[in-house]
Each structure stands twice: as structure tokens, then as C-alpha cells.
Amino acid sequence: MTVLDDIVAGVREDLEARRRRVGLNEMIDRARAAAPVREFDLDADFSVIAEVKRRSPSRGDLAPIAEPGRLAGLYAAGGARAISVLTEGRRFSGSLADLDEVRAAVDIPILRKDFMVDEYQFYEARAHGADLVLLIVAAVDPGQLRDYLDLAHELGLTALVETHDAAELEVAAALDARLIGINTRNLKDLSVDTDRFAPLAELAPAGCTLVAESGVSGLTEVEAYARAGAHAVLVGEALVKDGDPQAAVTRYTSTGASIRQTMIRSR
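Everything numeric here is computed off the predicted structure, so don't read it as measured data. For every chain, the first residue of the written sequence is number 1, and numbering continues from 1 along that sequence. Local features in a predicted model are, by the rule used here, given only for residues with pLDDT of at least 70; side-chain atom pairs are given and counted only at 80 or more, and totals for whole chains, interfaces and linings are based on all residues. Side-chain descriptors were evaluated using all non-hydrogen atoms of the structure, hydrogens and water having been removed beforehand.

A. The arrangement of the overall build of the protein chain in detail. The way it works is that DSSP assigns letters per residue, a run of H or I at least four long becomes a helix, a run of E at least two long becomes a strand, and they are numbered from the N terminus. In terms of helices and strands, the protein chain carries 11 helices and 10 strands. Taken along the three principal axes of its C-alpha coordinates, the protein chain extends 55 × 40 × 35 Å. Three exposure classes are used, based on accessible area relative to the maximum for each residue type with a 1.4 Å probe and protein chains only: buried under 20%, partly exposed in between, and exposed over 50%. Taken over 267 residues, the protein chain has a buried fraction of 55%. Within the protein chain, residue pairs in contact and separated by at least 24 positions form 66% of the contacts whose partners lie at least 6 positions apart. Each accessible area is a Shrake-Rupley estimate made with a 1.4 Å probe; only the visible protein chains count as cover when residues are assessed. Summed over its atoms, the accessible surface of the protein chain is roughly 11,500 Å², and 47% of this surface lies on carbon and sulfur atoms. Only four residue types enter the charge count, namely Lys and Arg as positive and Asp and Glu as negative; His and the chain termini do not. Just so you know, the charge point we use is NZ for Lys, CZ for Arg, CG for Asp and CD for Glu. Of the charged side chains in the protein chain, 31 are positive and 43 negative, and the gap between their average positions amounts to 3 Å. The contact criterion used throughout is that any non-hydrogen atoms of two residues lie within 4.5 Å.

In C-alpha cells, the structure reads:
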């Protein structure tokens with residue numbers, strides 16, 4: 001069993017417990033009653049999706065984050081285009097309560113970052129105020145992926161379709177995904193190789209907005225990802241451990257935007 005398989009098994013168990021407390025029909029009603037979605041800007045020069053992340057399976061505890069709403073507010077003040085909130089509890093110490101607190105604190109789009117393997121989770125995401133959801137190609141079969149992408153669109157959610165290799169990029173392209181992530185972390189053993197981004201970025205479908213995921217420890221990786229074609233970076237650990245996350249988001253955004261603008265002018 002891979003790390004991903006183990007995580008998904010736990011996600012399914014925890015999901016069933018929540019479903020027993022709140023049935024699907026009630027969750028659908030809550031989703032329909034939620035405030036309108038906030039649109040993620042797919043055409044920005046460069047975006048930082050700043051993550052509220054307490055823990056990771058590979059690095060252990062990262063930061064206590066007693067007030068996720070306050071941290072999200074600092075991210076937003078620094079210019080983050082969206083806030084990613086981990087809601088998986090067993091490996092990442094996240095929760096839907098974190099999502100609720102962040103939603104109450106900021107007025108920019110929020111990504112529910114979890115392992116989406118059941119339709120219930122999409123209604124749940126919308127009911128708790130999420131505007132984007134993560135769809136991991138490796139976590140579900142292509143048929144399910146299409147159904148989940150359609151459901152996300154039906155609910156007004158933007159889907160970040162996460163890929164790890166050329167074959168998964170082909171799947172994302174076949175789905176006409178507009179927001180595609182390339183995760184440089186291997187979900188089988190959790191190793192990270194940021195050099196994998198550039199060759200995969202060259203295979204991304206034209207017209208998509210490309211998000212670089214994992215491996216950002218500072219400006220060096222932001223610069224490399226932007227030069228390789230990333231329109232955005234998703235950053236968690238480096239920001240939650242930074243003494244001034246607001247300033248860090250500003251630096252990452254301005255640096256990436258400058259590189260992207262230079263690249264556009266040179267074409």
C-alpha cells in the first residue's frame with residue numbers, strides 16, 4: 001500500500017463518520033444555501049496560494065497555528081490570491097473548523113485542500129464556504145475524475161486538478177481543466193524533486209493556468225518555477241514557519257510577477 005492509498009483509506013473512514021452526523025441530502029441543502037463563490041483570478045500575472053498547514057506526513061509538525069483566521073488575514077494582506085486550507089485530520093491535523101474560521105476572516109477565494117474521493121465532500125466544501133477544491137488525478141479513476149469535475153462546476157467551484165507526471169497531465173488535458181497543478185512531491189514515497197517541474201510544464205496544455213506545488217522553501221524555488229512556466233505557486237511550510245508571512249507572500253508574488261512579465265515581453 002502506498003502512502004496515498006493509506007491516506008485515502010483514512011479519509012474514507014472519517015468521511016463516513018461525518019456522513020452519519022449530517023446526511024447527504026442535508027449537506028446538499030447546506031451547499032445550496034451557502035454564500036456565492038468567490039472567483040479565483042486565472043489571468044493574474046502571478047499568484048500565491050498561501051496555505052494554512054499545521055503538519056505534513058513527511059515533515060511532521062510544522063506550526064501550531066492556534067488562529068488560522070489570523071494567519072489567513074496576514075496572507076491576504078500580503079497579496080495572496082487564495083488561501084489553501086488543509087481539512088484532512090489524520091496526517092495533516094486539519095479540519096473543516098479551520099476552513100470555517102478562515103472563511104470568516106477573509107474575503108478572497110479559499111481552496112479546500114483534501115483528498116476528494118466522494119461526492120459528499122464537494123457539497124461539504126461548498127457548505128463550509130470553499131471556492132476551490134483539489135482534484136488529485138492519482139487518487140481517483142478517470143471516470144470519477146470527470147464526474148467530480150462536472151460536480152465541482154455545477155456547484156460553482158473551481159477545481160485545481162493536481163498531476164505528478166506526463167500521463168496525468170494527459171488526463172487533465174482531456175478534461176479541459178483550466179487550473180492544473182504540477183506537484184513535485186511523489187505521493188508514493190513523499191520525496192520532492194523540484195527539477196521535475198520544468199519538463200512537465202512544457203507538456204501542459206496551452207491556455208491552462210499552471211500551479212507549482214511543493215518544494216518552495218524561499219525565493220529561489222519561486223523564481224525557478226516562474227521561469228519554468230508557473231502562473232502560481234502553492235506554498236505552505238515555508239510560510240507557516242516564516243516569522244513574517246505577510247511580507248513573504250508579498251515577496252513571492254512580486255518576484256514571480258516580475259519574471260512572468262519579463263518573459264511575456266521577450267516573446
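B. Representation of helix 9 (residues 219–227) in the model. Burial in helix 9 covers these residues: Glu221, Val222, Tyr225 and Ala226. Down the axis of helix 9, the buried set is contained in an arc of 130°. They therefore lie on one face. Pointing more than 90 degrees away from the buried face of helix 9 are the exposed residues Thr220 and Arg227. Looking at the packing, one finds that the buried side of helix 9 touches helix 8 (197–201), strand 9 (209–213), strand 10 (232–235) and helix 11 (245–265). In the stretch just after helix 9, Gly229 is the one whose phi turns positive, near 115°. By arc we mean the arc of the directions from the helix axis to the C-beta atoms, nothing more.

C. Spotlight on the side chain of Arg185. Residue placement: Arg185 occurs in the loop between strand 8 (179–183) and helix 8. We note that Arg185 is buried and unpaired, the nearest opposite charge coming from Glu237 at a distance of 5.6 Å. A polar contact is formed between the side chain of Arg185 and the side chain of Ser58, at a distance of 3.2 Å. If we skip the residues at most four places from it in the chain, Arg185 touches Ser58, His164, Leu190, Ser191, Val192 and Ser214. Criterion for a salt bridge: a side-chain nitrogen of Lys or Arg within 4 Å of a carboxyl oxygen of Asp or Glu. What qualifies as a polar contact is a pair of N or O atoms within 3.5 Å, subject to a donor-acceptor requirement within protein and to the restriction that residues adjacent in sequence count only when both atoms come from side chains.

D. Quick peek at the environment of Asn25. Mapped onto the secondary structure, Asn25 falls in helix 2 (residues 24–33). Taking the C-alpha atoms as reference, Asn25 lies 19 Å from Leu157; in sequence the two are 132 residues apart.

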